[in-house]
Amino acid sequence: MTSHLFLGIDSSTQGMKASIISSKSLGTVIHYRAINFDRDLPHYKTKDGMFTNGAQVQSPTLMWLEALDLLLSQMMEDQIQGTSTSGQPFRFSDIVAISGSGQQHGSVYWKKGASMNLNSLDSNVPLAIQLGYSFAKMNSPIWADSSTGDQCASLEEKMGGPMNVAVATGSRAYERFTGLQIAKIKQLEEKTVYDQCERISLVSSFMCSIFLGKYAPIDTSDGSGTNLNNIMANNGIDWHNDAVEHCGGVELYEKLGSKMVPSHSCLGQISNYFVYRYGFSPSCNVISWSGDNPCSLAGVGLQQPGDVAVSMGTSDCMFTFMENATPGSDGHVLRNPVDPLSFMGLLCFKNGSLVRENISNQYCNGNWETFATMLNSTPPGNNGHIALYYDSPEITPSTGNKCGTQRFSADGQLVDSFSDPCIDVRAVVEGKFMAMRHFGESIGMDIQSCTKIIATGGASNNNAILQVMSDVFGCNVYTLDQSDSASLGAAFRALHGHVCHKSKSFVKYKHVIPPGVFGYNLACIPQEGVTKIYDGLMEMFVTCQSKFVKSLLS
Ligand code: XUL
């Protein structure tokens, strides 16, 4: 029997990755391939996939196209050789639907007339060559850019303050958000770029357009990372008039495409370029692409309100599945990529593993077992000691461009150091989870209804750290063996979108990808009575955090 395969591609900052899954055994990735921009496409001369010039950070748009051809040609070679990651053979012709994930916020500027080139792609000519003249701007601003402070201030002023922008679009004005990037381009490069541009895509809708051979609409989930969207009305498909007209004038509506679409939408069939060049089936469905964080939500299996995921890597991120949301001045509310009626909470913390590593190097000789022993030698709640470690400027809460560390004694007094290094070890861990709990609650997450937390990333190997997470939130923590949740999530979304398309109506994600597929391992359960200690400490933590942030910003 022919197996039905689904392909998910992640177009991320440093590389491009693909996961193929089969409807027969959803828990297994049939084939995985990844390429790295710096290593595999060195002629673009990027560092970590980017060009950094002070606060301005961009990536070459054509590099993404060349990367896509390279990735697919390597996979085609794997198909011919019969070498797949799982040992099971696969054929591009058996892929019935494809979807993808793009680094959030990045934008691509298509030049007037480019839609004609997109509509008539020649399968004999690589994408980067035939679309070489299709862009009004050769480098795309990406999420790491923080050069739009003036535009953020201007949008917040126009809309009556940061809270108004948050209530309207899901987040206050953030430098990396696409609307502010567009506003900057319109102001500073108007004649050469903005006027010449017929369409602006996000990285996700850009890549999706290539697969479709026509401009793809932006999906509501990734569209919530623009500050241009209306987060609450019509399940998030509309643009926000004040924000759009302030950032790009009325002409921006046409450049963005009239409406956004729910993330599970089937947008049509794959372009002949992929049929003739790589052997895809002409009936392969293209499901809307979305952002990398939304796809990770799908990849780790958040399926109902109360499900939370925490990834602890270079930066720490928390995603939540929320039925209702109350956008706040810190953190982001996005439309949910697997359920058009609900929301996704997203918190990004810049000071993740490097801060824990610094404490570990300073006090534990860099030994994580010693770190765990020292953590366990102090009581939950740290006898009231609190500390905040912002080695780099923090995003949540925003510290502008300032960094620093502050330690507080049990009565809330600022102290230079703690009497015992074990207190620092506990404080760095507790402080992060209390911040997640506080900012999560401030965007509408209900701690009482938190059903499970899925922990991923480097620090999820350390059970002592996970125990603190479980105690602060008062719920079970599970781990998950997954190397790339974004491309896997995109493959799951391809299947989800395909099933919704076939059924001609929305089908719940958990009915398509059941929880059993994810293979969670229970790591920790909350210790009896300990969550109460944190309930009592939260207010003091928030006071210390606010004092410190205020002092940094003053
Ligand atoms: C999220 C964010 C990053 C990018 C790149 O708001 O800026 O996580 O999505 O991965």
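Before going into details, it helps to say that this report is about the structure given with it. (Residues numbered from 1 in each chain as written. Predicted model: local features only at pLDDT ≥ 70, side-chain atom pairs only at ≥ 80, totals over all residues. Heavy atoms only, no water.)

### Describing the pairing of strand E13 (residues 307–312)
Selection criterion: Summary of the burial criterion: residues with accessible area below 20% of their type's maximum are buried, those above 50% are exposed, and those between are partly exposed, where the area comes from a 1.4 Å probe applied to protein chains only. Numbered from the N terminus, helices here are DSSP runs of H or I no shorter than four residues, and strands are runs of E no shorter than two. Two strands form a pair only when DSSP identifies at least two bridges running between them.
Across the six residues that make up E13, a large majority, five, are buried. Note that E13 and strand E20 (residues 452–456) share five bridges and pair parallel. The residue bridging Val310 from the neighbouring strand is Ala455, located in E20. The sheet contact formed by E13 and strand E14 (residues 316–322) spans five bridges and is antiparallel. Each residue of the ladder has a partner; that of Val310, found in E14, is Met318. Connecting the antiparallel pair E13 and E14 is a turn made up of three residues.

### Examining the sheet that holds strand E8 (residues 139–141)
Formally: Between N-to-C directions, angles cover 0 to 180 degrees, with each direction set by a line fitted to C-alpha atoms, over the stretch in contact for helices. Only heavy atoms enter the contact rule, under which two residues are in contact if any of them lie within 4.5 Å.
Pairing in this open sheet of three strands is antiparallel, and the strands run E4-E5-E8 from one edge to the other. Here the strands that pair on one side only, and so sit at the sheet edges, are strand E4 (51–53) and E8. Taking each pair of neighbouring strands and ignoring which way they run, the sheet shows an average axis angle of 35°. Note that strand E5 (residues 56–60) and E8 share three bridges and pair antiparallel. Looking at the pairing, Ser59 lines up with Ser140 of E8. Of the strands in this sheet, E5 and E8 touch helix H2 (residues 61–81), which is tilted by about 40° from E5.

### Re the sheet that holds strand E18 (residues 404–408)
Within the open sheet, the three strands sit side by side as E17-E18-E19. Their pairing is antiparallel. Unpaired on one side and paired on the other, strand E17 (386–390) and strand E19 (414–415) mark the two borders of the sheet. Across two bridges, the pairing between E18 and E19 is antiparallel. From the neighbouring strand, Phe408 faces E19, where its bridge partner is Leu414. Helix H20 (residues 530–553) rests against E17 and E18 of the sheet, and its axis sits at about 40° to E17.

### What to know about the environment of Asp481
Tracing the backbone through its elements, the reader meets Asp481 in the loop between strand E21 (477–479) and helix H18 (485–503). Owing to a relative accessible area of 69%, Asp481 belongs among the exposed residues under this scheme. Considering only alpha carbons, one finds Asp481 and Gly457, 24 residues apart in sequence, at a separation of 9.6 Å.

### Comments concerning the environment of Trp368
Note on placement: Trp368 falls in helix H15 (residues 368–376). We classify Trp368 as partly exposed; its relative accessible area is 34%. Not counting the four nearest positions on each side in its chain, Trp368 is found in contact with Arg356, Glu357, Ser360 and Asn462.

Distances and angles like these do not, on their own, reveal function.
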